[in-house]
Amino acid sequence: MSNFVSSVMDGVKAKNPAEPEFHQAVQEVVESLEVVIERHPEYRTAKIIERIIEPERVIMFRVPWVDDQGEVQVNRGFRIEMNSSLGPYKGGLRFHPSVNLGILKFLAYEQVFKNSLTTLPMGGGKGGSDFDPKGKSDNEVMKFCQSFMTELCRHIGQFTDVPAGDIGVGGREIGFLFGQYKRIRNEFVGVLTGKGLNWGGSLIRPEATGYGAVYFAAEMLNTRNDTLEGKTCIVSGSGNVAQYATEKILDLGGKVVTVSDSGGFIYDEAGIDREKLAYIMDLKNVRRGRVNEYAEKYSSAVYTPADSNLDYNPLWDIKADCAFPSATQNEINGNDAANLLKNGVYVVSEGANMPSTPDATEQYIAKGILYGPGKAANAGGVAVSGLEMSQNSLRLSWTREEVDQRLQGIMKAIHKQAFEAAERFGTPGNYVNGANIAGFLKVADTMIDMGVV
Ligand code: NDP
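Computed from a prediction, not measured in an experiment: that's the story for all the values here.

1. What to know about the overall build of the protein chain
For the protein chain, the helix and strand inventory stands at 17 helices and 12 strands. On C-alpha atoms alone, the protein chain measures out to a radius of gyration of 21 Å, which is about the 22 Å that the 2.2 N^0.38 rule sets for 453 residues. Based on the C-alpha atoms only, the size of the protein chain along its principal axes is roughly 65 × 55 × 45 Å. Taken across its 453 residues, the protein chain has 57% of its residues classed as buried. In the protein chain, the proportion of contacts linking residues at least 24 apart, taken out of those at least 6 apart, comes to 71%. As presented, the protein chain carries roughly 18200 Å² of accessible surface, and 50% of it is formed by carbon and sulfur atoms. Each charge class in the protein chain was averaged separately, 47 positive and 56 negative side chains, and the resulting centres sit 4 Å apart.

2. Considerations on unusual backbone geometry
Residues apart from glycine generally show negative phi values, whereas peptide bonds are mostly found in trans. We note that R288 has phi near 50°; this positive angle belongs to a residue other than glycine. Along the chain, R288 falls in the loop between α10 (274–286) and α11 (292–297). A relative accessible area of 45% means that R288 is categorised as partly exposed. For N330, which is not glycine, the phi torsion reads 55° and is therefore positive. Residue placement: N330 occurs in the loop between β10 (322–324) and α12 (334–342). Note on N330: relative accessible area 28%, which makes it partly exposed.

3. Examining the packing of helix α2 (residues 20–39) against helix α17 (residues 431–449)
The geometry of α2 relative to α17 is characterised by a closest axis approach of 9 Å and an angle of 75° between their N-to-C directions. When the axis of α2 is compared with that of α17, the two are roughly perpendicular. Two secondary-structure elements touch here, α2 through E28, V29, S32, L33, V35 and V36 and α17 through V432, N433, N436, I437, F440 and L441. The residue makeup of the contact of α2 with α17, split by class, is 8 nonpolar, 3 polar and 1 charged.

4. Description of the packing of helix α5 (residues 101–117) against α17
Two numbers describe how α5 lies on α17: the axes approach to 8 Å, and their chain directions differ by 85°. As the angle between them shows, α5 and α17 are arranged roughly perpendicular. In contact with V112, F113, S116 and L117 of α5, α17 contributes A435, N436, A438, G439, F440, K442 and V443. Looking at the contact of α5 with α17, its residues break down into 7 nonpolar, 3 polar and 1 charged.

5. Overview of the environment of D449
Along the chain, D449 turns up in helix α17. Measuring from C-alpha to C-alpha, the distance between D449 and S85 comes to 9.6 Å, with 364 residues separating the pair along the chain.

6. Section: a nonpolar patch on the surface
A surface patch of nonpolar side chains, about 260 Å² in accessible area, is lined by V66, V72 and V74. If you trace the backbone, V66 turns up in strand β1 (residues 57–66). Residue class for V66 comes out partly exposed when judged on its relative accessible area of 38%.

7. Details of the domain arrangement of the protein chain
Domain annotation of the protein chain identifies domain 1 (3–187) and domain 2 (208–372). The centre of domain 1, based on its C-alpha atoms, is set 26 Å off from the matching centre of domain 2. Facing the 13 residues of domain 1 at the interface are 12 residues of domain 2. When the two sides are added together, the surface that domain 1 and domain 2 hide from each other amounts to roughly 950 Å², 45% of it contributed by carbon and sulfur.

8. What to know about the sheet that holds strand β4 (residues 124–129)
The 5 strands lie next to each other as β1-β2-β4-β3-β5, forming an open sheet whose pairing is mixed. Every other strand in the sheet has two partners, leaving β1 and β5 (161–164) as the edge strands with one partner each. Taking the axes of each pair of neighbouring strands and ignoring which way they run, one obtains an average angle of 20° across the sheet. In this sheet, β4 lies alongside strand β3 (residues 89–95) in parallel orientation, the contact comprising 3 bridges. Residue L93 lies in a different strand from β4, and its bridge partner there is G127.

9. Let's talk about the site of the ligand
Surveying the vicinity of the ligand reveals 24 residues, the closest of which are D166, T209, S262, R290 and N353. Here an oxygen atom of the ligand and a side-chain polar atom of R290 are 2.6 Å apart. Considering the ligand on its own, with 890 Å² of exposed area, one finds that the protein chains cover 83% of that surface. Elements with a contribution of two residues or more to the shell around the ligand: α8 (205–222), α9 (240–251) and β7 (255–261). Class assignment of the residues belonging to the shell around the ligand gives a composition of 4 nonpolar, 14 polar and 6 charged.

10. With respect to the packing of aromatic side chains
Tallying each qualifying case throughout the model produces 21 aromatic pairs. On the numbers, 5.6 Å between centres and 90° between planes, the contact of Y279 with Y298 is edge-to-face. With Y279 in helix α10 and Y298 in the loop between α11 and β9 (301–305), this pair connects stretches of sequence that are 19 residues apart. A single burial state applies to Y279 and to Y298, both of which are buried. One aromatic cluster is present, formed by F61, W65, F95, F131, F144 and F148 through successive ring pairs. Over the face of the ring belonging to Y211 we find K248, whose NZ or CZ atom lies 4.3 Å from the ring centre.

Rules used throughout
Residues numbered from 1 in each chain as written. Predicted model: local features only at pLDDT ≥ 70, side-chain atom pairs only at ≥ 80, totals over all residues. Heavy atoms only, no water. Helix = DSSP H or I, 4+ residues; strand = E, 2+ residues; numbered from the N terminus. Rg over C-alpha atoms; globule rule 2.2 N^0.38 Å. Buried < 20%, exposed > 50% of the residue type's maximum accessible area, 1.4 Å probe, protein only. Contact = heavy atoms within 4.5 Å. Areas by Shrake-Rupley, 256 points an atom, 1.4 Å probe, with all protein chains shown as cover. Lys, Arg positive; Asp, Glu negative; His and termini not counted. Charge placed at Lys NZ, Arg CZ, Asp CG, Glu CD. Axes fitted to C-alpha atoms, helices over the stretch in contact; angles between N-to-C directions. Parallel < 35°, antiparallel > 145°, perpendicular 65-115°, else oblique. Nonpolar A, V, L, I, M, F, W, Y, C, P; charged D, E, K, R; others polar. Patch = residues over 30% accessible without salt bridge, like charges linked within 9 Å, V, L, I, M, F, W, Y side chains within 5 Å. Salt bridge = Lys/Arg side-chain N within 4 Å of Asp/Glu carboxyl O. Domains from an automatic or database assignment. Buried area = accessible area lost by both parts, 1.4 Å probe. Pairing = 2+ DSSP bridges. Near = heavy atom within 4 Å. Polar contact = N/O pair within 3.5 Å; in protein donor to acceptor, adjacent residues only side chain to side chain. Phe/Tyr/Trp six-rings, centres within 6.5 Å; stacked < 30°, edge-to-face > 60°. Lys NZ or Arg CZ within 6 Å of the ring centre and 35° of its normal.

Here's what the structure looks like:
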């Protein structure tokens, strides 16, 4: 680690103890930026690095609610308002028992650079709760969402902070949250994205993150005159991102052989076709079941339960060309990356946020594979959220084709910015550096324009 990186990281660790995911996300960006700071001393003078790692505001609050048995439950709610240089804070809400301050700070930090790359006017934020929607009744989820929004509503607004979904927050949760916001504030505005189509949502928003990650992979392949046609793909997760990544891979002629959840994964050598994907969508979105049921229904599939005693995940040890990690952070460690590379995977496009550990990303880069980091590859979701905000302001709805075309245009633009920045700053083909640098430059220049605020 260079002196520059270690001095920044010493400060970050001292000020933000016990937040390893936040440290990891900051370190990756700071390593990419060293060359930028050398060429642009004005960023050092303006203390941009020190300012960009400090959230503008952190909100933490109690979320009390009553479960179906009449028992009082208490969760913790958060909203990290990280950076509003480019526009209102924008980023999802995560409901998962693992949620804590450090995880949300890492996600909010990543979001700043990601939103900058989309070319749309959005700052970065993230929020959520340690509430677990799994196993709760619809009534309990509604009670929780209403209590959560009762506090959150005083901190957000269409021109201030516009949350969306993330892990554990889909259309059902956004509906309950929006209903409570509307009731308390007595205003019908685009304060959340990922809304239902009847009440201000955008076509293609549910699909956008997964589709975008596949468009990004296609763009990377295009630099080598290659396509997804006939490629075998491994996908992790079976939620929103994984489902629509699978759909778009099928559209572009690829074959998907895996999906997973926290219980384990299925390997279907015959491939997940559209009928099987419809089964997964019903299983996960309507029946809220587990992926092992897929193997009971389709004999071509083998189910492997998750085993926390292993130092690798056998999901990443399956022969394939492309990988689309779409579950959660740090799901691919160094051993997994070695397995991916050994088996011939040469495209990794991250639907999830920071799914690869630093050890894994180092191996991808050393091997020179096409590696699209989350903040570039999964930016399609927030991009279409930005388009949802535009439609809400216009009080108009664009067609499916129009939104999809804009999404494709944005993913191309993100790819181009990352590709060109990597080249300009001396590491051609390194999309990690490219995305970090291109995302940073726009925010940094804007922060300088706006003075010390
Ligand atoms: P969902 O809640 O719809 O699905 C998450 C999936 O990942 C589920 O299959 C879940 O399994 C699995 N998963 C979650 N946590 C873990 C864990 N700790 N270990 C193993 N599996 C896990 O979320 P999304 O699809 O929306 O999000 C997936 C990833 O994509 C996240 O990293 C998110 O931040 C990122 N992302 C999402 C965007 C969006 O628009 N939704 C935008 C950009 C990024 P189980 O049901 O068993 O928990």
